[in-house]
Amino acid sequence: MRLLILFLMFSTSLMAQETMIYENIILTPNKKLEGKLISGVKLHNAKYHTGGKSTASLYSILTGPNSGKFVWLDGPMTYADLDQQPDAAHMADWGKNIQSYITDEKIKHAKLHWEASYTPAEFGSSDYLLIRTFKLNNKANSMAKVLEAITKIKEVLVATNASIVRRVYVSPFRSENGEDISLVYPFKSFTRFEKSNGLPENFAASYEEINGMGSWRRDIAEVLETYTNGRYDEIRVLQK
């Protein structure tokens, strides 16, 4: 199961120091019953997940290892909220409206990393998410090193007043395959990929204007080469 995240992208800055945990459930649909699954999730969410600390959404996954599946996202919540397990009626409704139309479900939690995330003053909402997941290797400090590099990128996004949103999520519980850091880029149109895929166009040059010649290679590229086993992209679309 992959992270992500992901997500009430536009939470207020007043929450910036709070722990924000999201529960992600990858749903593998019975393809013949996919329409009923979408309808069933909407019914379940309307009954149990419409506000407070249990606001849920459903995304279809268009690309990546989980393409053709859905992700059900619930949050934000705190660790203490995870202690409040659904009651029998809630689980019965999940079984009726969701499990009846799937062949598998896998759960993973993601924690928002505020210090590495970036949101401009104005952006608005988006139905599309590009999620870039890094596969951390087994070096003891791989998580810290990659987050350090990602935070340096955030500093340049701030300095250049970039118009994109980029949220960073980490797994609070180490995964077997190391897929424990994900970057989430909401976008409004696929035309954005005509010029760039993730960061703003020519971002490496902007980074070096601020940090010096060769800094992109030293601070970012070499760190990712040393502490990850690659990455993959995933496109998700909100189901309304």
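Our subject is the structure that appears above.
Here helix α5 (residues 215-227) spans 17 Å end to end across 13 residues, near enough to the 18 Å set by a 1.5 Å rise per residue. Roughly 30 degrees is the biggest bend found in α5, and it falls at A221. Inspection of α5 places S215, D219, I220, A221, V223, L224 and Y227 among the buried residues, and these make up the whole buried set. Elements that come into contact with the buried residues of α5 comprise β6 (128-136), α3 (142-159), α4 (203-211) and β9 (228-238).

Let us now look at unusual backbone geometry. Of note, the amide linkage connecting G75 to P76 takes the cis form, showing an omega dihedral of 5 degrees. The residue P76 is located in strand β4 (residues 70-77) in this model. For N161, which is not a glycine, the phi torsion comes out positive at approximately 55 degrees. Residue position: N161 is located in the loop between α3 and β7 (167-170). Given the relative accessible area of 62%, N161 is considered exposed.

With that settled, the discussion passes to the packing of aromatic side chains. Evaluated as defined, the whole model comprises nine aromatic pairs. For the pair Y128 and F190, a centre-to-centre distance of 5.2 Å together with 70 degrees between the ring planes defines the contact as edge-to-face. One end of the pair, Y128, is in strand β6; the other, F190, is in the loop between β8 (179-187) and α4, with 62 residues separating them in the sequence. Judged by its relative accessible area of 39%, F190 falls in the partly exposed class. Arranged with centres 6.1 Å apart and planes meeting at 50 degrees, the rings of F190 and F193 form a pair that is tilted. A residue is classified by how much of its surface remains accessible, and F193, at 26% relative accessible area, is partly exposed. Taken together, the aromatic side chains of Y128, F187, F190 and F193 make up a single cluster linked through ring pairs.

Looking now at the pairing of strand β1 (residues 21-29). With nine of nine residues buried, β1 lies mostly within the body of the structure. Pairing analysis gives six bridges linking β1 to β4, with the strands arranged antiparallel. The residue bridging I25 from the neighbouring strand is W72, located in β4. The sheet contact formed by β1 and strand β5 (residues 102-112) spans nine bridges and is antiparallel.

A word on the pairing of β4. In terms of burial, β4 is a largely internal element, eight of the eight residues being buried. By the bridge criterion, five bridges tie strand β3 (residues 54-61) to β4 in an arrangement that is antiparallel. Residue A56 lies in a different strand from β4, and its bridge partner there is D74.

Our focus in this paragraph is helix α2 (residues 88-97). Along α2, the positions that sit buried rather than exposed are H90, D93, W94, G95 and N97. For α2, the secondary structure elements touched by its buried residues are β1, α1 (34-48), β4 and β5. For α2, the N-terminal capping position is held by D87, with its side-chain oxygen 3.3 Å away from the main-chain nitrogen of A89.

Rules behind the numbers
Residues numbered from 1 in each chain as written. Predicted model: local features only at pLDDT ≥ 70, side-chain atom pairs only at ≥ 80, totals over all residues. Heavy atoms only, no water. Helix = DSSP H or I, 4+ residues; strand = E, 2+ residues; numbered from the N terminus. Expected span 1.5 Å × (residues − 1). Bend = angle between axes of the 7 residues up to and from the residue. Buried < 20%, exposed > 50% of the residue type's maximum accessible area, 1.4 Å probe, protein only. Contact = heavy atoms within 4.5 Å. Phe/Tyr/Trp six-rings, centres within 6.5 Å; stacked < 30°, edge-to-face > 60°. Pairing = 2+ DSSP bridges. Polar contact = N/O pair within 3.5 Å; in protein donor to acceptor, adjacent residues only side chain to side chain.

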